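Coordinate inspection notes
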Amino acid sequence: MTQWGFLMIHRISKDEKFTVTFDANGGHFIVKEKEVDKITESVSYSQSATKPETDPTRTNYEFAYWYQLSSPDTEFNFKNTPIKTDIILFAKWVQKKAFVIFNSRGGSVVDSQTVNIGGKATKPETDPTRAGYNFTQWGSNYAATIAFNFDTMINEDTTIYAAWARITAVTV
């Protein structure tokens, strides 16, 4: 090696193209009837990338926006970001939620829950109360004749119903 260094300059022409990769980040795109996890776009130097025509999909999640790895909490600005090198944009996902409502059917109020789709409801720590009745169980139907299984995956807004047994006076 000599004492002389070399500086290599790569001149970029206006015709040079760069690749913008859209990574579905756990989701997928449908391309020609096949699921793929990445698609690409070729962009001329200093031009803007274009959002894919359709958003990727992912079970139990909603697509939020595209981001660069360096700033996952910031939506990529397609309009004002000139492309000057190859980049990868990642899909930002938001877990879908469902509401679980506890209908005490005339009893004391029981707080509802927000649950991730695919998650489970949590049995309330205290049972509801109702004058003249004993609480017997949480049910999956209005009459509460079918016990609700708290190991059931929640896939949509769900109402769980209280079952009651009337207290009867016993005379001796």
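In what follows, the accompanying structure is described. Throughout this description, residue numbers start from 1 for each chain and increase along the sequence as written. Residue-level local features of this predicted model are given only where pLDDT is at least 70; pairs of side-chain atoms are given and counted only at 80 or more, and the full residue set underlies all totals for whole chains, interfaces and linings. No hydrogens and no water enter the side-chain calculation; it runs on all heavy atoms of the structure.

Observations concerning the overall build of the protein chain
Counted only if it meets this: Strands are runs of DSSP state E lasting at least 2 residues, helices are runs of H or I lasting at least 4, and numbering of each runs from the N terminus. As a reference, a globule follows 2.2 Å times the number of residues to the power 0.38, and the radius of gyration itself is taken over C-alpha atoms. Relative accessibility decides the category of a residue: with a 1.4 Å probe and only protein chains considered, values under 20% of the type maximum give buried, values over 50% give exposed, and everything between is partly exposed. For this analysis, residues touch if any pair of their heavy atoms sits within 4.5 Å.
Secondary structure assignment for the protein chain yields zero helices and 14 strands. Reading the secondary structure of the protein chain in the N-to-C direction produces β-β-β-β-β-β-β-β-β-β-β-β-β-β. A compact globule built from 172 residues would reach a C-alpha radius of gyration of about 16 Å, whereas the protein chain, at 28 Å, exceeds it by more than 25%. The C-alpha extent of the protein chain, read off along each of the three principal axes, is 110 × 45 × 30 Å. Taking all 172 residues of the protein chain together, the buried fraction comes to 31%. Summarising the internal contacts of the protein chain: among those between residues at least 6 apart in sequence, 58% fall at separations of at least 24.

Quick look at the pattern of salt bridges
The criterion, for reference: Criterion for a salt bridge: a side-chain nitrogen of Lys or Arg within 4 Å of a carboxyl oxygen of Asp or Glu.
Applying the stated criterion to the full structure yields three salt bridges. Taking the shortest distance from any N to any O, the salt bridge between Lys-120 and Asp-151 comes out at 3.9 Å. Residue Lys-120 is located in strand S11 (residues 119-120), and its partner Asp-151 is located in the loop between strand S12 (133-139) and strand S13 (153-154); the two are separated by 31 residues in the primary sequence. Its relative accessible area of 45% is what places Lys-120 among the partly exposed residues. With a closest N to O distance of 3.4 Å, Lys-123 and Asp-127 form a salt bridge.

Here's the deal with the packing of aromatic side chains
The cut-off we apply is this: Stacked, tilted and edge-to-face pairs are distinguished by plane angle, under 30 degrees for stacked and over 60 for edge-to-face with tilted covering the rest, among Phe, Tyr and Trp rings (Trp via its six-membered ring) whose centres lie within 6.5 Å. Remark: a charge is flagged as sitting over a ring if the NZ atom of Lys or the CZ atom of Arg is within 6 Å of the ring centre and within 35 degrees of the ring normal.
Tallied over the full model, the rule gives 13 aromatic pairs. Seen from their ring centres, Phe-18 and Tyr-45 are 6.3 Å apart, and the 55° between their planes marks the pair as tilted. Taken as a pair, Phe-18 in strand S1 (residues 17-23) and Tyr-45 in the loop between strand S4 (38-44) and strand S5 (47-48) lie far apart in primary sequence, 27 residues in all. By relative accessible area, Phe-18 is classed as buried at 9%. Three or more aromatic residues joined by ring pairs form one cluster here, namely Phe-22, Phe-29, Phe-63, Trp-66, Phe-76, Phe-78 and Trp-93. Across the ring face of Tyr-61, the terminal group of Arg-58 is positioned such that the distance to the ring centre comes to 3.9 Å. For the cation-ring pair, Lys-92 lies above Tyr-67, with the distance from its terminal atom to the ring centre recorded as 5.8 Å.

A word on the sheet that holds S12
What counts here: DSSP-based pairing: two strands are paired if at least 2 bridges between them are found. Lines fitted to C-alpha atoms define the axes, with helix axes restricted to the stretch in contact, and inter-axis angles between N-to-C directions lie between 0 and 180 degrees.
Here we have four strands laid out as an open sheet, ordered S10-S9-S14-S12, and mixed in their pairing. Whereas interior strands pair on both sides, the edge strands pair on one side only; in this sheet they are strand S10 (113-116) and S12. Averaged over all pairs of adjacent strands, the angle between their axes in this sheet comes to 25°, without regard to strand direction. When strand S9 (residues 97-103) meets S10, the two strands line up antiparallel, connected through four bridges. Bridging across to S10, Val-100 finds its partner in Gln-113.

Description of unusual backbone geometry
Despite not being glycine, Asn-25 has its phi angle at roughly 50°, a positive value. Position of Asn-25 among the secondary structure elements: in the loop between S1 and strand S2 (29-31). Classification of Asn-25 as partly exposed rests on a relative accessible area of 30%. A positive phi angle, near 60°, is found at Ala-144, a position not held by glycine. The topology assignment puts Ala-144 in the loop between S12 and S13.

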